[in-house]
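Listed below are the residues making up each chain.
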Amino acid sequence: MRWYWIDRFLEFESGRYARAVKNVSLAEDYLHDHFPSFPIIPNSLVLEGMAQTGGLLVCEYNHFTEKVVLAKVPKAQFYCHVRPGDTLTYFAKIEYVRSEGAMVSATSHKGDVLQAEAEIVFAHLNHPSLGSLFEPETFLRMMRLLGAFEIGHAADGSPLRPPPELIEAVEKASSAT
């Protein structure tokens, strides 16, 4: 992932749900073009924040063994603008995980106000050309950066830990370089 549309996880329960936060700042480049006299975060980027929250939840559920990509958005509804200075809280809940993919329901709140809601479908892809986009160290780094292992917990209530095979893959990649 090149751009992070979430700043930090607030809650993370493996296989169930995740809550993340995004602080919108006027310092973000895209706001200077969208729109110069009335800067707002585009709805597509709000959707991307919800998708990243749900996508990482699905990836972790599968111990990062599946390549998860956004496949479609069957439903998305936006209720208000998001401006610099606003804080968005994303909530993603796994509705199902199957061999071919997964679906999450997601919301975005601006304070106590429902800003957006969506259904997001992810596909599991295992094509060799996708390899560089899904390096194990990328996921491990992102989950650590966003605080998932600090606040998360497994379905049994134990602390969320990186899967051993992910750490092994990262160590193997590090020793090869």
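Just so it is clear, the structure is predicted and the values come from calculations on it, not from any experiment.

The rules behind each value
- Residues numbered from 1 in each chain as written.
- Predicted model: local features only at pLDDT ≥ 70, side-chain atom pairs only at ≥ 80, totals over all residues.
- Heavy atoms only, no water.
- Salt bridge = Lys/Arg side-chain N within 4 Å of Asp/Glu carboxyl O.
- Buried < 20%, exposed > 50% of the residue type's maximum accessible area, 1.4 Å probe, protein only.
- Axes fitted to C-alpha atoms, helices over the stretch in contact; angles between N-to-C directions.
- Helix = DSSP H or I, 4+ residues; strand = E, 2+ residues; numbered from the N terminus.
- Parallel < 35°, antiparallel > 145°, perpendicular 65-115°, else oblique.
- Left-handed = near helix turned anticlockwise from the far one by under 90°.
- Contact = heavy atoms within 4.5 Å.
- Pairing = 2+ DSSP bridges.
- Polar contact = N/O pair within 3.5 Å; in protein donor to acceptor, adjacent residues only side chain to side chain.

Novice: Explain the pattern of salt bridges here, please?
Specialist: Pairs can form between side chains of opposite charge whenever their charged atoms are close. Enumeration over the complete set of coordinates arrives at 6 salt bridges. Its salt-bridge partner being glutamate 95, residue lysine 93 comes within 3.9 Å of it at the nearest N-O pair. Judged by its relative accessible area of 36%, glutamate 95 is partly exposed.

Novice: Please clarify how the packing of helix α2 (residues 136-145) against helix α4 (residues 164-176) should be interpreted in this entry.
Specialist: The relative placement of two packed helices is expressed as an angle between their axes plus a distance between the axes. For the pair α2 and α4, interaxial distance at closest approach is 8 Å and the crossing angle is 120°. By the angle class used here, α2 and α4 are oblique. Judged by the sense of rotation from one axis to the other, the crossing of α2 with α4 is left-handed. From α2, Pro136, Glu137 and Leu140 reach across to α4, where they touch Leu166, Ile167, Ala169, Val170 and Ala173.

Novice: Even after reading the chapter, I still don't get the sheet that holds strand β6 (residues 113-125), so can you show me in this structure?
Specialist: Sheet strands associate in pairs through backbone hydrogen bonding, adopting either a parallel or an antiparallel arrangement. The strand order β1-β2-β4-β5-β6-β3 describes an open sheet built from 6 strands, whose pairing is antiparallel. Only two strands of the sheet have a single partner each, and these edge strands are β1 (8-13) and β3 (67-78). The mean inter-strand angle of the sheet, taken between neighbouring strand axes irrespective of direction, is 20°. Contacting β1, β2 (17-23), β3, β4 (87-97), β5 (101-110) and β6, helix α1 (residues 43-61) runs over the sheet at an angle of about 50° to β6.

Novice: Just checking my understanding: could you explain the environment of aspartate 86 for this structure?
Specialist: For aspartate 86, the position within the fold is in the loop between β3 and β4. Residue classification places aspartate 86 among the buried positions, given a relative accessible area of 18%. Taking the C-alpha atoms as reference points, aspartate 86 and serine 175, 89 residues apart in sequence, are found 43 Å from one another. Other than its neighbours up to four places away in sequence, aspartate 86 contacts Lys22, Asn23, Val24, His81 and Lys110. From its side chain, aspartate 86 meets the backbone nitrogen of arginine 83 in a polar contact 2.7 Å long.

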